Amino acid sequence: MKTRRRNYDKDRMSDLPDSVLLEILSNLKINQAVEMSILSTRWKNLWKYISVLSLHYRSFKSIECFINFVSQFFSFRNEKTSVQALTFECRYYFDPLLLKRILKYLFSHNVQHLDMTVPCTLKQFPLSSNFSYHSLTSLKLSTSQELDTVPPVFPNSLKLPALTNLSLYTFTFRCTNEDDEDGYADPFSGFQSLNTLFIESCPLFNDKEGLFISSLSLVSLTILLPIDYDFYKFKLSTPNLSTFHFAGRPFQNLSGHNNITNFSFIKHVNIHIPLCKFLKYPSPSIILFDWLLELHLMESFTISSNALQILNSVPDSWKIDFPYLHNLKLLKIITSEVLPPPNGTEDFLLRNSPSAKKVIFPETTLKEIIKQELRRDKQLLKRFGHVFDRSGLNLDGTALRKRFSYT
Amino acid sequence: MAEEVSSQMNSLSISETNPSSSATISLVSGDDIVFKVEPTIAKEMETVQSFIDETDGKITTIPLPNISSHDLPYVIEYCEKSIAGKITKEFEAEFVKKLNNEEVKELFLAANYLNIKKLLDFLSQVIADRIANKSVEYVRRYFGIENDFTPEEEAKLREELAWTFTGVDPDDEDEN
């Protein structure tokens, strides 16, 4: 082969513009990106301009090393470089004051995408309703699940005017007025741009409280309840909602604010009810039937065979006044080997929309399907995909606070 | 595909041809091999396209002195897949499997030169994967970087950045 490398000895990599080299650094583990300072004077300060950050405990030998790193990292970053996205994970005890300081840094640097996993021992996620966090457009908060621990409270009345995507895993909702035992927590009404809301395994502070989801802008809502949540009251004031995913036990009728119910905008519905016995409580079949009455204008409907079974136990006499699903174009049924779909129920659903397409899925969790759909919908830039997938980071709060010097 | 591309020796002079919508574009590699490509491929290469636009399409032979005839077919292959909407994770995995470190670097430089954003993003991840957990010395050798720090300066910088050198031990082995 003939010689094809010209300029072989010349360092053409270092001639590339900062933005191109930063692209490489952003794809490295954060500590290695900083190490690249040593390459040459060209590379010395580049890492200070990285704006997509992933703080990953497993890149380090020990928690101490990691804490030491994090404290120095923020203080040495270029002060004028904003943080576009941060992934952060800490599964053990973490000083809430310290978390507050990190958040303060992030918000003062216009963070747009935030994905944080905090320990379950935290009492409340330390954002304050006194401030408006203008820059944030997507927020994903998770806690490390532990048995017998009340997950941290997700604060009410937060102001996140630009937030479009919110995902919460294992946070507690609590109503603002603690004397009002029958009250509703109202955590989302300050998010004027909220488009997609995903709530998984988020308990209410006590059985009497409920969750009020109030949003003019909300288009897609997902509520996933663990199998052991028997009581979960929620009401909606979401006039523009078009997609509704629900997995869990329907405990109450779908209700809107002040008993005004209007779910006519809801076009896409997924309902999954886990296999379990409901002996003590009102039959879910009545409630599920009521849901269908409310949602009768939907166009696509995904339902698990267990939910179909439950629906099947509705007395025939009720079905006489059922408005049916005139607009239905697609019916997806998720079958299960344990519990095949009952005969006849599909025909009941499709009676007024015979041209609707019927698709039968083999057993898979509805959650998976929902997640796939959400992933497809996600408008996040492609480059954040890998950032959000990374996880695994621990912090010892006290040591980090001592060394934290960027506040 | 690279094999289908007619390659012939050609002089480096820019030849003027009649502009026509179906006219193929000739890309001339640094070692003077001509690759004829469809105009849609050229569109993927912002640098080439803006050159064509600036001359109102009169010039359809574009010299690319920084890109060798070894690397250019890979770039063309990627652009073809991109136009067809067939850039999948599987394709990218296969694409990168056949490239050695030097080729990855050359393609990265070519992608930057031609301003092909998708390829550049993809290869920056590939490069990051290939230098992951490697020592500073390894990366210097790979990138061809000359260390312009004095030993004193480097020692001082290492000391200042001691907090980042406490991570996982780097791997300094060169690959074959």
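Residues numbered from 1 in each chain as written. Chains lettered and ligands numbered in written order. Predicted model: local features only at pLDDT ≥ 70, side-chain atom pairs only at ≥ 80, totals over all residues. Heavy atoms only, no water.

Draft legend 1. Focus on the sheet that holds strand β3 (residues 61-64) of chain B. All names here are of chain B. One open sheet accounts for three strands, arranged β2-β1-β3; its pairing is mixed. Two strands in the sheet have a free side with no partner beyond their single neighbour: β2 (34-37) and β3. Neighbour-to-neighbour, the strand axes of this sheet turn through a mean angle of 25 degrees, independent of strand direction. In terms of strand pairing, strand β1 (residues 25-29) meets β3 through four bridges, oriented parallel. Note on β3: the bridge partner recorded for Ser26 is Thr61. Strands in contact with helix α2 (residues 46-54) are β1 and β3; relative to β3, the strand with the most contacts, it is inclined by about 140 degrees. Against the sheet, helix α3 (residues 72-83) makes contact with β1, β2 and β3, and its axis sits at roughly 5 degrees relative to β2, the strand it touches most. (Pairing = 2+ DSSP bridges. Helix = DSSP H or I, 4+ residues; strand = E, 2+ residues; numbered from the N terminus. Axes fitted to C-alpha atoms, helices over the stretch in contact; angles between N-to-C directions. Contact = heavy atoms within 4.5 Å.)

Draft legend 2. Broad picture of the UniProt feature "domain: F-box" (unreviewed entry) in chain A. UniProt's entry tags residues 10-60 of chain A with the feature "domain: F-box" (unreviewed entry), counted in the numbering of this structure. In residues 10-60 of chain A, the share of helix is 29% and the share of strand is 8%. The end C-alpha atoms are 34 Å apart. (UniProt positions renumbered as here; feature names shortened; annotations may be inferred.)

Draft legend 3. Expanded view of the pattern of salt bridges. Residues and elements named next belong to chain B. Applying the stated criterion across every chain, the model contains twelve salt bridges over all chains. Across the pair Lys105 and Glu102 runs a salt bridge, and its minimum N-O distance is 3.6 Å. Taken together, the positions of Lys105 and Glu102, both in helix α5 (residues 101-114) and three residues apart, correspond to about one turn of that helix. Among the salt bridges present, the one from Arg158 reaches Glu154, with a minimum N-O distance of 3.1 Å. Taken together, the residues span about one helical turn, with Arg158 and Glu154 both in helix α8 (residues 151-160) at a distance of four residues. For Glu154, a relative accessible area of 13% translates into the label buried. Through salt bridges with shared partners, one network takes in Glu137, Arg140, Glu154 and Arg158. (Salt bridge = Lys/Arg side-chain N within 4 Å of Asp/Glu carboxyl O. Buried < 20%, exposed > 50% of the residue type's maximum accessible area, 1.4 Å probe, protein only.)

Draft legend 4. Summary view of the environment of Pro354 of chain A. Along the polypeptide, Pro354 of chain A turns up in the loop between α7 (345-350) and β16 (357-361). Put simply, Pro354 of chain A and Lys329 of chain A are 25 residues apart on the chain and 8.9 Å apart in space, counted from C-alpha to C-alpha.

Draft legend 5. Representation of the nonpolar core in the model. Ranked by size, the top nonpolar core spans 157 residues in total, and within it Phe173, Phe188 and Phe244 of chain A together with Leu27 of chain B carry the most contacts. Three or more residues apiece are contributed to this core by two domains, here domain 1 (2-131) and domain 2 (133-176) of chain B. Discounting residues that sit within four places of it in the chain, Leu27 of chain B has contacts with Ile33, Val34, Phe35, Val37, Met45, Val48, Ile62, Leu64, Leu72 and Ile76 of chain B. (Core = buried A, V, L, I, M, F, W, Y, C linked by side-chain atoms within 4.5 Å. Domains from an automatic or database assignment.)

Draft legend 6. Representation of a negative patch on the surface. Together, Glu146, Asp148, Glu152 and Glu153 of chain B line one region of the surface with negative charge. Summarising the element assignment, Glu152 of chain B is placed in helix α8. (Patch = residues over 30% accessible without salt bridge, like charges linked within 9 Å, V, L, I, M, F, W, Y side chains within 5 Å. Areas by Shrake-Rupley, 256 points an atom, 1.4 Å probe, with all protein chains shown as cover. Lys, Arg positive; Asp, Glu negative; His and termini not counted. Charge placed at Lys NZ, Arg CZ, Asp CG, Glu CD.)

Draft legend 7. Layout of the packing of aromatic side chains. All names here are of chain A. Under the criterion given, the structure shown has 29 aromatic pairs over all chains. Taking 5.7 Å as the distance between ring centres and 80 degrees as the angle between the ring planes, the aromatic pair formed by Phe173 and Phe188 counts as edge-to-face. In this pair, Phe173 sits in the loop between β5 (165-169) and β6 (184-185) while Phe188 sits in the loop between β6 and β7 (196-200), placing the two residues 15 residues apart along the sequence. When sorted by exposure, Phe173 lands in the same class as Phe188, which is buried. Taking 6.4 Å as the distance between ring centres and 75 degrees as the angle between the ring planes, the aromatic pair formed by Phe234 and Trp291 counts as edge-to-face. A residue pair is termed long-range when its members are at least 10 positions apart, and Phe234 in strand β10 (residues 233-237) and Trp291 in helix α5 (residues 284-294) qualify at 57 residues. Like Phe234, the residue Trp291 is buried in the burial classification. (Phe/Tyr/Trp six-rings, centres within 6.5 Å; stacked < 30°, edge-to-face > 60°.)

Draft legend 8. Structural view of the interface of chain B and chain A. The partner chain A presents 40 residues to the 46 residues of chain B that form the contact. Summing both sides of the interface, chain B and chain A together bury roughly 3,900 Å²; the carbon and sulfur share of this comes to 61%. At the boundary of chain B with chain A, the tally comes to one salt bridge. Close ionic contact of Arg12 of chain A with Glu106 of chain B constitutes a salt bridge, the shortest N to O distance being 2.8 Å. Connecting chain B to chain A are nine residue pairs in polar contact (both at pLDDT 80 or more). For the side of chain B that touches chain A, the secondary structure elements donating two or more residues are α5, α6 (117-131), α7 (136-143) and α8 of chain B. (Buried area = accessible area lost by both parts, 1.4 Å probe. Polar contact = N/O pair within 3.5 Å; in protein donor to acceptor, adjacent residues only side chain to side chain.)

Draft legend 9. Molecular detail of the domain arrangement of chain B. Residue and element names in this part refer to chain B. You can read the domains of chain B as domain 1 (2-131) and domain 2 (133-176). Every contact between the two is made by seven residues of domain 1 and, on the other side, eight residues of domain 2. Taking both sides of the interface into account, the surface hidden between domain 1 and domain 2 amounts to around 680 Å²; carbon and sulfur atoms contribute 54%. Contact with domain 2 buries area across many residues of domain 1, yet Asn101, Lys105 and Ile131 alone supply 75% of it, more than any other trio. In terms of residues, the side of domain 1 that touches domain 2 owes the most to one element, α5, which gives four residues.

Draft legend 10. Fine view of unusual backbone geometry. All names here are of chain B. The phi angle at Asp56 is positive, at roughly 55 degrees, despite the residue not being glycine. Residue position: Asp56 is located in the loop between α2 and β3. Classification of Asp56 as exposed rests on a relative accessible area of 63%. Phi is positive for Asn115, close to 60 degrees, though the residue is something other than glycine. Secondary-structure assignment places Asn115 in the loop between α5 and α6. Residue classification places Asn115 among the partly exposed positions, given a relative accessible area of 34%.

Draft legend 11. Local environment of α6 of chain B. The first and last C-alpha atoms of α6 of chain B sit 21 Å apart over 15 residues, in line with the 21 Å expected at 1.5 Å per residue. Turning to α6 of chain B, its buried residues number three or more, namely Leu119, Leu120, Phe122, Leu123, Ser124, Val126, Ile127, Ala128, Arg130 and Ile131 of chain B. Tucked inside the fold, the buried residues of α6 of chain B contact α1 (18-26) and α2 (30-35) of chain A together with α3, α4 (89-97), α5 and α7 of chain B. Looking one or two places after α6 of chain B, you find Asn133 of chain B, whose phi comes out positive at around 65 degrees. (Expected span 1.5 Å × (residues − 1).)

Draft legend 12. The arrangement of the sheet that holds strand β9 (residues 220-224) of chain A in detail. Residue and element names in this part refer to chain A. Ordered in space as β1-β2-β3-β4-β5-β7-β9-β11-β13-β14-β15-β16, the twelve strands form an open sheet in which the pairing is parallel. Two strands bound the open sheet, and with one partner strand each, they are β1 (52-55) and β16. Across the sheet, the mean angle from the axis of one strand to that of its neighbour is 5 degrees, orientation sign disregarded. Sheet analysis places strand β15 (residues 330-334) next to β16, joined by five bridges and oriented parallel. In the strand pairing of β16, Ile333 is matched with Ile360.

Draft legend 13. Region of interest: the UniProt feature "domain: SKP1 component dimerisation" (unreviewed entry) in chain B. Under the UniProt annotation, "domain: SKP1 component dimerisation" (unreviewed entry) lies at residues 117-163 of chain B. Along residues 117-163 of chain B one finds 70% helix and 0% strand; the C-alpha atoms at either end are 34 Å apart.

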